[in-house]
Number of protein chains: 2
Amino acid sequence: MSENPLPILTYSEENYLKAIFHLSEEGKKGVSTNDISTEMKTRPASVSDMLRKLGDKSVIEYRKYYGVHITEDGKKLALQTIRKHRLWEVFLVEKLNFSWDEVHEVADELEHIKSKILIQRLDEYLGFPKFDPHGDPIPDEYGDVRSRPRLPLSEIEISGTGQIVAVKDSSAAFLRYLDKVGAYIGARIKVIDKVEFDGSIEILVDNKKSIFMSKEVVNNILIMQ
Amino acid sequence: MSENPLPILTYSEENYLKAIFHLSEEGKKGVSTNDISTEMKTRPASVSDMLRKLGDKSVIEYRKYYGVHITEDGKKLALQTIRKHRLWEVFLVEKLNFSWDEVHEVADELEHIKSKILIQRLDEYLGFPKFDPHGDPIPDEYGDVRSRPRLPLSEIEISGTGQIVAVKDSSAAFLRYLDKVGAYIGARIKVIDKVEFDGSIEILVDNKKSIFMSKEVVNNILIMQ
DNA sequence: ACTATTTTTTAGTATAGCCTAAATTAATAT
DNA sequence: ATATTAATTTAGGCTATACTAAAAAATAGT
Ligand SMILES: [Mn+2]
Ligand SMILES: [Mn+2]
Ligand SMILES: [Mn+2]
Ligand SMILES: [Mn+2]
């Protein structure tokens, strides 16, 4: 049953693996060198180097020129890092009064602290939260994720209703925009109108405010119906 | 008044500088390459390399073959790292129920997280603590330290009394020994007897238990009278 | 199918941080 | 004062992670 122990990754390898994991989520195809390069803000040549290393450690399957697939071991490790990232985000928001647009960079550093007991105690201290401040599910220590069904706001029909459960984009700019228009995780929305021409829509938030949202915004809000 | 901004140090440079700062505390003389090498568990050749780099960044004064002195900038930076280290230690003990012998390694990682706001909020969240779990003073954000007068238990005369305010050695082995014999920060002690031959002493802790302590132990307990 | 374009990899270089072995300087002991 | 010893630095090498430029492979357009 229990195979070789999971390999130990460097700070940098953890970041690449996390990026590959996230890119794998969208679409079943292999992840391309260029996509990783864009995500990681490094040059493609550096990515090729790193892919060889991650391949050697068996956290990805790497066939030159054909993109990469994450392995089971890779998934476990990526989910551990994601778990830490999201728990720290909860800590920052719930305990240190950070706003949801301030936590990402700091969590990107904190996620690499290596101490099993630290994360267990943190989890306990936070009351075993299931979702982070952006609505993303927090994997348990075995990497199991209880994700709720969710779909982009753009897919909701006119007069359809639902609740904002997560955001796809965690950039400060986007989150501050949401703050400005009064949108937040948990808000109830109703689609009033959809403009086919530009993909924009009009919605009602908490049955109070009517807001126009561009396609870019609408694609990054996730709804549970 | 305000000079050039302080240089940005790498993770490794921060660790070396912190070590140099601590070694500077004991005795006014320059810190030797060998002492740093011992403290950092790296070879002297690696230390020489690093001293050149730290000298280039003006956080130490480096004269080849004559040991190093830390500069004002260096002191400020070292104290910032120490502040972070000790605040995280308080967090781990007070909030996450770590025992005082478990916090050192984790804090040695956490101390490098770069976020001013994080440390300010953490400080506030902890209630602006003045001392860490080992009794060491926590510098404020300007590097000012309000240290209390303290001297090694070995210096207390027979029938002298005092309170344990800090420990010099923060190793798990030493701290667990103190737990075992019922010594802790804040405990009141009275020296019953001193053995000149081996430097050991007999003390009364909280007027209850009589304990024999070796020279090694006695040198690492700090007392306020 | 063949060429043009895009993507990816390789080759070669740089920096940080470590190492060992050799050379150099300082300290010490007679 | 000189010789021996100890401390320190230099030289050269290794690995990790980046980079640019060039080569190679895959893909797209006709
Ligand atoms: Mn990260
Ligand atoms: Mn998040
Ligand atoms: Mn450290
Ligand atoms: Mn401490």
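Model, not experiment: these values are computed from the prediction.

**Some remarks on the relation of the copies chain B and chain A**
Now for step 1: Its rotation angle being 180°, the transformation that places chain B on chain A also includes 0.0 Å of axial translation and leaves an RMSD of 0.1 Å. The superposition of one copy onto the other is thereby described by a two-fold rotation axis. No C-alpha of chain B approaches the rotation axis more nearly than that of B:L110, which lies at 3.8 Å.

**Topic: the pairing of strand β7 (residues 209-213) of chain B**
Now for step 1: Relative to β7(B), strand β6 (residues 201-205) of chain B runs antiparallel, the two being bridged by five bridges. Within β7(B), the position partnered with B:I203 by the bridge is B:I211.

**Some remarks on the packing of helix α4 (residues 72-94) of chain A against helix α6 (residues 116-125) of chain A**
All names here are of chain A.
Now for step 1: For the pair α4 and α6, interaxial distance at closest approach is 10 Å and the crossing angle is 40°. In terms of their interaxial angle, α4 and α6 are classed as oblique. Where α4 crosses over α6, the handedness of that crossing is left-handed. Seen from α4, the contacting residues are R83, K84, L87, W88 and F91; seen from α6, they are L118, I119, L122, D123 and Y125.
Now for step 2: Residue classes in the contact of α4 with α6 are distributed as seven nonpolar, no polar and three charged.

**Regarding the domain arrangement of chain A**
Now for step 1: Under the domain assignment used here, chain A contains domain 1 (11-70) and domain 2 (151-224).
Now for step 2: Each of domain 1 of chain A and domain 2 of chain A was reduced to a C-alpha centroid, and the two centroids are 32 Å apart.

**Digging into the protein's contact with DNA strand D**
Now for step 1: If you check the shell around DNA strand D, you find 20 residues, and the closest are A:T10, A:S46, B:S48, B:Y62 and B:K64.
Now for step 2: Sugar and phosphate atoms form 81% of the subset of DNA strand D atoms that lie within 4 Å of the protein.
Now for step 3: A distance of 2.5 Å is found between a phosphate oxygen of DNA strand D and a side-chain nitrogen or oxygen belonging to A:T10.
Now for step 4: Sorting the residues of the surface near DNA strand D by element identifies α1 (11-25) and α3 (44-56) of chain A together with α2 (33-40) and α3 (44-56) of chain B as the ones contributing at least two each.
Now for step 5: For the surface near DNA strand D, the element with the highest residue contribution is α3(A), accounting for four residues.
Now for step 6: Across the surface near DNA strand D, the residue classes break down as nine nonpolar, eight polar and three charged.

**Considering the side chain of B:K84**
Residues and elements named next belong to chain B.
Now for step 1: Mapped onto the elements of the fold, K84 is located in helix α4 (residues 72-94).
Now for step 2: Buried and without a salt bridge, K84 has E14 as its closest oppositely charged side chain, separated by 4.7 Å.
Now for step 3: Discounting chain neighbours no more than four positions away, the residues touching K84 are E111, H112, I113 and I119.

**Re the sheet that holds strand β5 (residues 188-194) of chain A**
Residue and element names in this part refer to chain A.
Now for step 1: What the six strands build is an open sheet, ordered β3-β8-β4-β5-β6-β7; its pairing is antiparallel. Of all strands in the sheet, those with a lone pairing partner are β3 (151-152) and β7 (209-213), marking the two edges.
Now for step 2: Docked against the sheet, helix α7 (residues 172-181) engages β4 (161-167), β7 and β8 (221-224), running at close to 150° with respect to β7.

Calculation notes
Residue indices begin from 1 for each chain and proceed along its sequence in written order. Chain letters and ligand numbers both follow the written order, the letters beginning at A and the numbers at 1. The predicted origin of the model limits local features to residues at a pLDDT of at least 70 and limits the giving and counting of side-chain atom pairs to 80 or more, whereas totals for whole chains, interfaces and linings rest on all residues. Excluding hydrogens and water, the side-chain values take into account all heavy atoms of the structure. Fitting of the copies onto one another was done by least squares over C-alpha atoms, counting residues only where both copies have pLDDT of at least 70. For two strands to be treated as a pair, DSSP must find at least two bridges joining them. Only runs of H or I of at least four residues qualify as helices and only runs of E of at least two qualify as strands under DSSP, and these elements are numbered from the N terminus. To obtain each axis, a line is fitted to C-alpha atoms, and for helices this fit is confined to the stretch in contact; angles are then taken between N-to-C directions over 0 to 180 degrees. Each angle is binned into one of four classes, with values under 35 degrees roughly parallel, values over 145 roughly antiparallel, values of 65 to 115 roughly perpendicular, and all other values oblique. Definitions for this section: a left-handed crossing has its near helix turned counterclockwise from the far helix by less than a right angle. A right-handed crossing has that turn clockwise. Here, two residues are considered to be in contact whenever any of their heavy atoms come within 4.5 Å of each other. The residue classification treats Ala, Val, Leu, Ile, Met, Phe, Trp, Tyr, Cys and Pro as nonpolar and Asp, Glu, Lys and Arg as charged. All others, Gly included, are polar. Segmentation into domains, and thus their bounds, comes from an automatic or database assignment. Throughout, the term near means that a residue has one or more heavy atoms lying within 4 Å of the molecule or strand in question. We call two N or O atoms a polar contact when they sit within 3.5 Å, provided that within protein one can donate a hydrogen and the other can accept it, with sequence-adjacent residues counted only if both atoms are side-chain atoms. Three exposure classes are used, based on accessible area relative to the maximum for each residue type with a 1.4 Å probe and protein chains only: buried under 20%, partly exposed in between, and exposed over 50%. When charges are counted, neither His nor the chain ends are considered; positive counts come from Lys and Arg and negative counts from Asp and Glu. Salt bridges are counted wherever a side-chain nitrogen of Lys or Arg sits within 4 Å of a carboxyl oxygen of Asp or Glu.

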